[in-house]
Amino acid sequence: MTRFHIVHRTEYRYSAPVKFGIHRLVLRPREGHRTTVLQHQLALTPKARFFWMNDLYGNHVALAEIEEESDRLEIVSEVKMDVVDALSDEAPMEGSRCSMVALPVVYPLIETAVVDGYLKLTYPDESEAVRGWVNEVLRVSPAASAMGAVVQINQAIHSGTGYRRREEAGVQSPSQTLSLRTGSCRDMATLMMEACRTLGIAARFTSGYLDTRASTAGHGATHAWIEVYLPDCGWCGFDPTLGEQVSSKHIALGASAHPRGVMPVSGIFSGPPGSYAGMKVSVLIQREVLGTAQELKPSEVPAPAGVVS
């Protein structure tokens, strides 16, 4: 088990005091059978009132109401959490039931109402271009299963797309990424999500942190990848930027059917024209290996940690 201490700092600067609208913050990590949030502290300057909720996708969302005007907005999220590196009952992808799901994927009738939302294309006008690219990838490297196709697409984006950090908001469309052959992590994730959906594989966009040397030094940033859903297999993460399956070094903040659904910070402001002067983001990740995790009896399972604001 690894204990993570994460400090995520976002600062917006303005040339004159501005008025802030409601800001939507997706900064509390998602929890699951491998992740437990022990403590989360969220602080804003100027001060804000927080209204917490779980959205449709199960993300923890804080709505921040900022009453004071200011020429600076700083958002600091500090998390302590435990992540189990591996579970004894988890089989490797190869040879598991996940590798036995054939194309086209047939989802259980009871799941189709939800699955349909993760099959709907975000860029339907570009479906022909994306489908043509996917067909070429699978022609060169045929896949024997749905999971095999996902692996091939992941590798193809990784090997055929150069990483380029972009400060601009939003994502490139899939055809732009295919044409430019460069993109940020969120651009590659968007392309992979659309590619999987053209094959009838449910996929969602995930935003979070990546434990790297840069983040250890306090120079990290948020990261993006995707997860695909297969019957009796669940959500499986893939990172086309790295060309790898998601591992314990990936820490998810939010997941959504649309890339815009999990922006860590989003909101509006009003002020003099041209008052926006820029932003800075830094992520610091410190980790401590705690040893082998042991299964807890029901009475020993700690209660969910509260949110400190």
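Whatever comes next refers back to the structure up there.
Sorry if this is basic, but what is going on with the pattern of salt bridges here?
Side chains bearing opposite charge may pair, as long as their charged atoms lie close to each other. The tally for this structure, following the rule as stated, stands at 15 salt bridges. Here D82 and R3 are joined by a salt bridge, their closest N and O atoms 2.7 Å apart. Of this pair, D82 sits in strand β5 (residues 70-83) while R3 sits in strand β1 (residues 2-28), and the two are 79 residues apart along the sequence. Because the salt bridges share partners, they merge into one network encompassing R9, E11, R72, E74 and K280.

Help me understand the nonpolar core in this model?
For soluble globular proteins, nonpolar side chains are generally found buried alongside one another. Counting 39 residues, the largest nonpolar core has C196, I201, V228 and L230 as the members making the most contacts within it. Elements supplying a minimum of two residues to this core: α1 (112-119), α2 (127-140), α3 (146-160), α5 (185-198), β8 (202-210), β9 (222-230) and β10 (234-239). Here this core gets 8 residues from one element, more than from any other, and that element is α5. Leaving out residues up to four positions away in the same chain, C196 has contacts with V150, I153, I201, A203, I226 and V228. Counting 26 residues, the second-largest nonpolar core is a separate cluster that includes L42, M81, V83 and I251.

Would you mind showing me how to read the sheet that holds β10 here?
In a beta sheet, neighbouring strands pair by backbone hydrogen bonds and run either parallel or antiparallel. Taken together, the 5 strands give an open sheet; going across it, the order is β11-β10-β9-β8-β12, and neighbouring strands pair in antiparallel fashion. Of all the strands in the sheet, the pair left with one neighbour each is β11 (244-245) and β12 (250-256). Here β8 runs beside β12; their pairing, made up of 6 bridges, is antiparallel. Paired with G208 across the bridge in β12 is A252. Those strands touched by α3 are β9, β10 and β11, and its axis lies near 20 degrees from that of β10. In this fold α5 packs onto β8, β9 and β10, with an angle of close to 10 degrees to the strand it touches most, β9.

Conventions we followed
- Residues numbered from 1 in each chain as written.
- Predicted model: local features only at pLDDT ≥ 70, side-chain atom pairs only at ≥ 80, totals over all residues.
- Heavy atoms only, no water.
- Salt bridge = Lys/Arg side-chain N within 4 Å of Asp/Glu carboxyl O.
- Helix = DSSP H or I, 4+ residues; strand = E, 2+ residues; numbered from the N terminus.
- Core = buried A, V, L, I, M, F, W, Y, C linked by side-chain atoms within 4.5 Å.
- Buried < 20%, exposed > 50% of the residue type's maximum accessible area, 1.4 Å probe, protein only.
- Contact = heavy atoms within 4.5 Å.
- Pairing = 2+ DSSP bridges.
- Axes fitted to C-alpha atoms, helices over the stretch in contact; angles between N-to-C directions.

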